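One letter stands for each residue in the lines below.
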Amino acid sequence: EYEARLAEFEARIARGEKIEPTDWMPEEYRRQLIRMISQHAHSEIVGMLPEGKWIPHAPTLRRKLILIAKVQDEGGHGQLLYRAAETLGISREEMIEAFLAGKAKYSVVFNYPTPTWADVAAIGLLIDGAAVVNQLMLAQGSYGPYARAMKRICYEESFHIKQGYDAFVALATGTPAQRRMMQEAVNRWWYPALMLFGPPDRDSVHTPTLLRWRIKTKTNDQLRQEFVDQYAPMVLRLGLTIPDPNLRYDPETGHWRFSEPDWEEFWRVIKGDGPCNAERMAARRRAHEEGRWVREALAAKAAQRTNGGSN
Ligand code: 3HC
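Looking up the chain in an unreviewed UniProt entry gives the name Ring-1,2-phenylacetyl-CoA epoxidase subunit PaaA, with the organism given as Thermoflexus hugenholtzii JAD2.

(A) The packing of helix α4 (residues 61-86) against helix α7 (residues 144-172), seen in detail. At their nearest, the axes of α4 and α7 sit 10 Å apart, and the two run at 160° to each other. Classified by the angle their axes make, α4 and α7 are roughly antiparallel. α7 is crossed by α4, and the crossing has left-handed handedness. Residues of the contact of α4 with α7, tallied by class, amount to 13 nonpolar, 3 polar and 9 charged.

(B) Up close: the site of the ligand. In the vicinity of the ligand there are 35 residues, among which Glu74, Lys105, Pro199, Ser204 and His206 approach most closely. Measuring from an oxygen atom of the ligand, one finds a side-chain N or O atom of Gln39 at 3.0 Å. Note that an oxygen atom of the ligand is positioned 3.0 Å from one of the side-chain N or O atoms of Gln135. Here the ligand has 1,000 Å² of accessible area as a free molecule, and 91% of this is covered by the chains. Residue assignment for the shell around the ligand shows that the elements contributing at least two residues are α2 (27-46), α6 (117-138), α7, α9 (207-212) and α11 (263-270). Classifying every residue of the shell around the ligand gives 17 nonpolar, 11 polar and 7 charged.

(C) Expanded view of the nonpolar core. Ranked by internal contacts, the top residues of the largest apolar core, which has 88 residues, are Tyr29, Phe168, Met182 and Phe227. Per-element accounting of this core gives the leading share, 15 residues, to α6. Those residues in contact with Phe168 that sit more than four places away from it in its chain are Ala121, Ala122, Leu125, Met182, Val186, Val235, Leu238 and Leu240.

Cut-offs and rules
- Residues take numbers from 1 onward in each chain, read along the sequence in its written order.
- For this predicted model, a pLDDT threshold of at least 70 governs which residues receive local features, and a threshold of 80 or more governs which side-chain atom pairs are given and counted, while totals over whole chains, interfaces and linings are taken from all residues.
- In computing side-chain values, all of the structure's heavy atoms are included and hydrogens and water are not.
- Convention adopted: a line fitted to C-alpha atoms gives each axis, helices being fitted over their contacting stretch, and angles between N-to-C directions are expressed from 0 to 180 degrees.
- Starting at the N terminus, helices and strands are each numbered in turn, a helix being any DSSP run of H or I of at least four residues and a strand any DSSP run of E of at least two.
- Oblique is the label for any angle not under 35 degrees, not over 145, and not in the 65 to 115 range, which are roughly parallel, roughly antiparallel and roughly perpendicular in turn.
- Each crossing gets its hand from how the near helix is turned against the far one by less than a right angle, where anticlockwise is left-handed and clockwise is right-handed.
- Polar here means any residue other than Ala, Val, Leu, Ile, Met, Phe, Trp, Tyr, Cys and Pro, which are nonpolar, and Asp, Glu, Lys and Arg, which are charged; Gly is therefore polar.
- Whether a residue is near a molecule or strand is decided by its heavy atoms; if any one of them lies within 4 Å of it, the residue is near.
- Each polar contact in these results corresponds to two N or O atoms within 3.5 Å; when the atoms are within protein, one needs to be able to donate a hydrogen and the other to accept it, and residues that are neighboring in sequence are counted only if both atoms are side-chain atoms.
- The protein chains shown are the only cover counted for residues, whose accessible areas, like all others here, come from Shrake-Rupley with a 1.4 Å probe.
- Residue types Ala, Val, Leu, Ile, Met, Phe, Trp, Tyr and Cys, when buried and joined through side-chain atoms within 4.5 Å, form a set referred to as a nonpolar core.
- Accessible area is worked out with a 1.4 Å probe on protein chains only. A residue is then buried under 20% of its type maximum, exposed over 50%, and partly exposed in between.
- Only heavy atoms matter for contacts: two residues are in contact if any of them lie within 4.5 Å across the pair.

In structure tokens:
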């Protein structure tokens, strides 16, 4: 019976069909999706912190308004993704408790500091650029609610990249001090952008399952290569350098050759030993505590309505 159901499920995946919440699915498929989507959601919420810090200090009102809109978008992406994960039978409370307890992960890239305004431009161009390369792939995935959430999120991320590029060009073509600031931010954010795609395929424990059931349709290394091919020339064209002495275009393959990130650092930061891990977790725990009264008020209101109480 199980074998027959699994065979039918895999035939559906092979036909490119979308699996919907009420369809039969292997428990491992459900588990992998809950793991991946909830951690993606946590990443969006934590991702609001590094650049959100710059909202009060944006150099112009226009940049401030754009940054407010972008950070709000990221919060909305988090809600969209928690909702997509809930369709698999896990509650938002469970996901958030797992995150606050340090049991669930979020993208390693958000454990790095944003010391200057140029870091906001570098995040907008390089981190959101990398996220779109990853998310355009995820939008082809087999689980309906996740793929549809990705389509919606990618529209908004393309605005994020455009605003990042606009701020990036303003600095890269500005005064020598602005160019220096932009170059230093590129030096800080280039390798974290490569880390966003996950470990090398040779070390990725989940990729075989994710590919088998088309939760992912490309590997981490394929996506990382796509990102470098798109963004290395863009940065170099602006007259800035990339902190990788091995970076060079290979006319044979039509791809850019590049150095991999420091995987020791990658795993160390994932395990909690990055520059901002403690700060990010403290900020999220504080926000959760400060929001407790709202949750309790809503729950009391809902209980009152259920008991037919007056408004
Ligand atoms: N950051 C943090 N943890 C990571 C990681 C990363 N970049 N890459 C891998 N890990 C963790 C995995 O979560 C896993 O731990 P777990 O079993 O406890 O969940 C462990 O390392 C081993 O995982 P794998 O080696 O099998 O990693 P994957 O092949 O699954 O790749 C991934 C990791 C690229 C994050 C992949 O899971 C993925 O594509 N996830 C969905 C997309 C996503 O989460 N993107 C976050 C980017 S932030 C963002 O988009 C916001 C935007 O506004 C910038």
